[in-house]
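# Chain and residue survey
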Amino acid sequence: MAMVGFISWKQNSVTEINYNQTYTFNAKRTTGAPPSYIVFLDESHYLAIPELNLENDCNQAFGVDFIQGTYRKREDVYKFEKKGKVTNLWFDNYENFEAGKYTIQRGKINAENKYLTFASGTISKERLSFVYKHIIRIYNSGKTDRYKRNNFKLKRTKFNIPTTEKEFIQRYHKKQGHQQE
């Protein structure tokens with residue numbers, strides 16, 4: 001059963017989270033990273049494609065990641081659990097991306113991989129809008145580690161991310177330029 005929600009077009013912000021609705025947040029303005037996409041399937045499972053640049057195929061040519069994870073919700077806070085499955089499609093070059101020639105890697109979210117950064121985030125309501133928050137460690141050569149907090153407002157998108165690993169592989173077997181928002 002989907003949650004009932006609406007978008008405040010005046011603020012262009014998400015005020016309720018609905019199941020099976022794709023949300024995005026754009027990190028490009030503050031971190032240089034492309035937008036990420038997420039779908040909450042039910043009360044404990046989500047799917048995500050972090051850092052997917054639909055406007056620039058060259059970014060996808062380096063690889064596309066698909067996360068299947070779990071979360072816990074308490075009031076208006078969605079906390080991602082630091083476990084889940086990751087499927088990576090890697091392309092050796094842009095020509096292989098265009099031709100759908102890829103190498104597939106499967107793994108799990110854990111402390112040793114970069115997907116923990118995404119899964120370390122939370123989504124919570126701030127000032128009536130849902131925001132994705134995470135903290136990244138910034139290394140200084142020879143100095144003490146520094147941390148940076150990032151907050152990104154969620155917005156709905158028409159882009160539908162795949163709902164299974166099989167669909168993800170099929171979809172990214174070909175060039176995805178037609179998937180613009």
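See the structure printed just above.
Residues numbered from 1 in each chain as written. Predicted model: local features only at pLDDT ≥ 70, side-chain atom pairs only at ≥ 80, totals over all residues. Heavy atoms only, no water.

Glancing now at the overall build of the protein chain. Of the regular secondary structure elements, the protein chain holds five helices and 12 strands. Looking at the 181 residues of the protein chain, the share that counts as buried comes to 44%. Looking at the protein chain alone, contacts between residues at least 24 apart form 49% of all its contacts between residues at least 6 apart. Total accessible area computed for the protein chain in this model is approximately 10700 Å², and 48% of it derives from carbon and sulfur atoms. (Helix = DSSP H or I, 4+ residues; strand = E, 2+ residues; numbered from the N terminus. Buried < 20%, exposed > 50% of the residue type's maximum accessible area, 1.4 Å probe, protein only. Contact = heavy atoms within 4.5 Å. Areas by Shrake-Rupley, 256 points an atom, 1.4 Å probe, with all protein chains shown as cover.)

With that settled, consider unusual backbone geometry. Backbone geometry places Asn20, a non-glycine residue, at a positive phi of 65°. In this structure Asn20 comes out as exposed when scored by relative accessible area, which is 55%. Positive phi, normally seen in glycine, also occurs at Leu128, with a value near 75°. With respect to the helices and strands, the residue Leu128 is situated in the loop between β9 (122–126) and β10 (129–138). We classify Leu128 as exposed; its relative accessible area is 60%.

This part takes up the pattern of salt bridges. Applying the stated rule across the entire model yields six salt bridges. As a salt-bridge pair, Arg72 and Glu81 come within 3.0 Å of each other at their nearest N and O atoms. On the basis of relative accessible area, Glu81 is assigned to the buried category, the value being 17%. As a salt-bridge pair, Glu126 and Lys133 come within 2.4 Å of each other at their nearest N and O atoms. Classification of Glu126 as partly exposed rests on a relative accessible area of 34%. Salt bridges sharing common partners tie together Arg72, Glu81 and Lys83. (Salt bridge = Lys/Arg side-chain N within 4 Å of Asp/Glu carboxyl O.)

Our next topic: the pairing of strand β4 (residues 36–40). Counting buried residues along β4, five of its five residues qualify, which places the element largely inside the surrounding structure. Where burial is concerned, the two faces of β4 agree: the one with Ser36, Ile38 and Phe40 and the one with Tyr37 and Val39 are both buried. With four bridges connecting them, strand β3 (residues 22–25) and β4 associate as antiparallel partners. Following the sheet pairing, Phe25 is matched in β4 by Ser36. In this structure, β4 lies alongside strand β5 (residues 45–49), joined through four bridges in antiparallel fashion. The residue bridging Ile38 from the neighbouring strand is Ala48, located in β5. Counting the residues in the hairpin turn of β4 and β5 gives four residues. (Pairing = 2+ DSSP bridges.)

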